[in-house]
Amino acid sequence: MAKEGTTLADRSFTRGGGIGAAIADQASDDAVLQHFSDGATLVLQGLHRTWRPVVDFSQALAAELGHPVQVNAYVTPPENTGFSDHYDVHDVFVLQIAGEKRWRIRPPVHDLPLRDEPWTDHRAAVEEAARTAPLIEETFAPGDCLYLPRGYLHSATALGGTSIHLTIGVHAWTRRHVADELVRAAVARASRSSQLRDALPLGTDLVADGPGHDDVEVVRAALLEALAQVDANDLATGLAGAARAAQRPAPIAPLAQAEAASSVTPQTRVDLRAHVAATLVPTAGGRTVLRSRVGSQTVERPDLAAVERLLDSGSATAAELGLELTRALLRAGVVVPA
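Reference entry: report on the structure contained in this document. (Residues numbered from 1 in each chain as written. Predicted model: local features only at pLDDT ≥ 70, side-chain atom pairs only at ≥ 80, totals over all residues. Heavy atoms only, no water.)

### Points about the overall build of the protein chain
Here is step 1: A count of helical and extended segments in the protein chain gives twelve helices and 16 strands.
Here is step 2: For a compact globule of 338 residues, the expected C-alpha radius of gyration is about 20 Å, and the protein chain comes in at 26 Å, more than 25% above that figure.
Here is step 3: C-alpha extents for the protein chain along the principal axes are approximately 70 × 65 × 45 Å.
Here is step 4: For the protein chain, buried positions account for 36% of its 338 residues.
Here is step 5: Sequence-distant contacts in the protein chain: of pairs separated by 6 or more residues, those separated by 24 or more amount to 76%.
Here is step 6: Roughly 19,100 Å² of accessible area belongs to the protein chain as shown, and the carbon and sulfur atoms make up 55% of that amount. (Helix = DSSP H or I, 4+ residues; strand = E, 2+ residues; numbered from the N terminus. Rg over C-alpha atoms; globule rule 2.2 N^0.38 Å. Buried < 20%, exposed > 50% of the residue type's maximum accessible area, 1.4 Å probe, protein only. Contact = heavy atoms within 4.5 Å. Areas by Shrake-Rupley, 256 points an atom, 1.4 Å probe, with all protein chains shown as cover.)

As structure tokens, this is what we get:
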């Protein structure tokens, strides 16, 4: 919950659940009501994981865009402002659902902020910019949509009645992510050199003086050489892991999934789980693993062709995959009953 630019402490609207409910920070309906009545905005976070229509929409959108997507809802009482002027470190689509909201948009004070550059890093500049005339000031009604590129300052006030809007956040992958992985790969490559493995001279005082100039230059030269040797393909594994971790696969029904795994017959048909991001990856020792958002499973050589067909077509029978492999993929959550 938030009011006039301040996020309320969780403990102010949560309570323990009483006997038999060990979770101590459950939302308190009475406290939420009190804060809402006093003008606080209710923020429903992570709807892209909790409400099936939004889950399906956000996952499909993320797959099309190639960038992770999150969805929150903001419920603001009449004539109140939940958050003062600020910017987001991701692109946002605002979809007005109910009521009206007056939006004020101002130019960035920091262009194209990265994920680790929140608006609070530029608080003084943001507060100064908030006193200038808006670039855009419009009232949005149900069905209206606003696109806010990352970095643009914005604030909004509910008009006349309770206002509800969704924010669809698109967390863009940037060249900075490629740079991070490139540097990581270069450090790993340069570390094979005995020059980087040598100890710093005796008597080095890193606290007072830092590393010596000669040592820095040796490291710089080794890194520059390693950077030039890193191939773009060397970055694929690390970036793929980051991309998998940024989203989750489509929801499953755990009990139904377990029952399906225990009752597999040759006629059982399974589908590749939506948005599971599964690929076959060769590993050391000539082994192949099926890597996905639910982990990694070793694929034996006789099963490779069947798994490749599953990944290509998105569907297979247990007779085609083999009963044991089908059970294993169902229990891992890679496939779901057709």
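### With respect to the sheet that holds strand β16 (residues 335–337)
Here is step 1: Across the sheet, three strands lie side by side as β15-β11-β16; this open sheet has antiparallel pairing. What marks the edges here is a single partner per strand, and that holds for β15 (315–317) and β16. Within this sheet the neighbouring strands show an average axis-to-axis angle of 35 degrees, counted without direction.
Here is step 2: Set on the sheet, helix α10 (residues 304–313) makes contact with β11 (269–272), β15 and β16; between it and β15 the angle comes to about 140 degrees. (Pairing = 2+ DSSP bridges. Axes fitted to C-alpha atoms, helices over the stretch in contact; angles between N-to-C directions.)

### Focus on the packing of aromatic side chains
Here is step 1: According to the stated counting rule, one finds two aromatic pairs in the structure shown.
Here is step 2: Residues Tyr 74 and Phe 83 carry aromatic rings whose centres are separated by 6.1 Å and whose planes lie at 80 degrees to one another, so their mutual orientation is edge-to-face.
Here is step 3: Judged by its relative accessible area of 16%, Tyr 74 falls in the buried class.
Here is step 4: Owing to a relative accessible area of 26%, Phe 83 belongs among the partly exposed residues under this scheme. (Phe/Tyr/Trp six-rings, centres within 6.5 Å; stacked < 30°, edge-to-face > 60°.)

### Section: the nonpolar core
Here is step 1: Ranked by size, the top nonpolar core spans 20 residues in total, and within it Leu 290, Leu 310, Leu 321, Leu 329, Leu 330 and Val 335 carry the most contacts.
Here is step 2: Put simply, the parts of the chain that give this core at least two residues each are α9 (254–262), α10, α11 (318–321) and α12 (323–332).
Here is step 3: The biggest single contributor to this core is α10, with four residues.
Here is step 4: Sequence-distant contacts of Leu 310, that is, excluding residues within four places in its chain, are made with Leu 272, Ser 315, Ala 316, Leu 321, Leu 329 and Val 335.
Here is step 5: Formed by ten residues, the second largest nonpolar core is a distinct cluster that contains Val 69, Val 71, Leu 166 and Val 170. (Core = buried A, V, L, I, M, F, W, Y, C linked by side-chain atoms within 4.5 Å.)

### Notes on helix α1 (residues 29–37)
Here is step 1: Among all positions of α1, only Ala 31, Val 32 and His 35 are buried. Down the axis of α1, the buried set is contained in an arc of 100 degrees. They therefore lie on one face. Exposed residues pointing more than 90 degrees away from the buried face of α1 are listed as Asp 29, Asp 30, Leu 33 and Ser 37.
Here is step 2: Along its buried surface, α1 packs onto β3 (14–15) and β5 (42–44).
Here is step 3: Note on α1: the residue one or two positions beyond its end, Gly 39, has a positive phi of about 105 degrees. (Arc of directions from axis to C-beta.)

### Considerations on unusual backbone geometry
Here is step 1: The phi dihedral of Glu 79 is positive, around 60 degrees, even though this residue is not glycine.
Here is step 2: Mapped onto the secondary structure, Glu 79 falls in the loop between β6 (69–76) and β7 (91–106).
Here is step 3: For Glu 79, a relative accessible area of 54% puts it in the exposed group.

### Examining the packing of α9 against α12
Here is step 1: Running from N to C, α9 and α12 cross one another at 170 degrees; their axes reach a closest spacing of 9 Å. Judged by the inter-axis angle, α9 sits roughly antiparallel to α12. Here Gln 257, Ala 260, Ala 261 and Ser 262 of α9 come into contact with α12, specifically with Arg 327, Leu 330 and Arg 331.
Here is step 2: Its residues placed into classes, the contact of α9 with α12 shows three nonpolar, two polar and two charged. (Parallel < 35°, antiparallel > 145°, perpendicular 65-115°, else oblique. Nonpolar A, V, L, I, M, F, W, Y, C, P; charged D, E, K, R; others polar.)

### Re the packing of helix α5 (residues 175–190) against helix α7 (residues 213–229)
Here is step 1: Two elements in contact, α5 and α7, have axes whose closest approach is 8 Å; the angle formed by their N-to-C orientations is 115 degrees. In terms of orientation, α5 and α7 fall into the roughly perpendicular class. For the pair α5 and α7, the sense of crossing is right-handed. In contact with Leu 182, Ala 186, Val 187, Arg 189 and Ala 190 of α5, α7 contributes Ala 222, Leu 223, Ala 226, Leu 227 and Gln 229.
Here is step 2: In terms of residue class, the contact of α5 with α7 is built from eight nonpolar, one polar and one charged. (Left-handed = near helix turned anticlockwise from the far one by under 90°.)

### Some points on the pairing of strand β12 (residues 279–282)
Here is step 1: Across four bridges, the pairing between β12 and strand β13 (residues 288–292) is antiparallel. Within β13, the position partnered with Val 281 by the bridge is Val 289.
Here is step 2: Two successive antiparallel strands, β12 and β13, enclose a turn made up of five residues, where Gly 285 displays a positive phi of approximately 80 degrees.

### What about α9?
Count 3.6 residues to each turn of an α-helix, and residues three or four apart come out pointing the same way.
Here is step 1: Every buried residue of α9 is listed here: Gln 257, Ala 260 and Ala 261. Along α9, the residues classed as buried sweep out an arc of 100 degrees about the axis, all on the same side. Opposite the packed face of α9, turned more than 90 degrees from it, sit the exposed residues Leu 255 and Glu 259.
Here is step 2: Buried residues in α9 make contact with α12 and β16.

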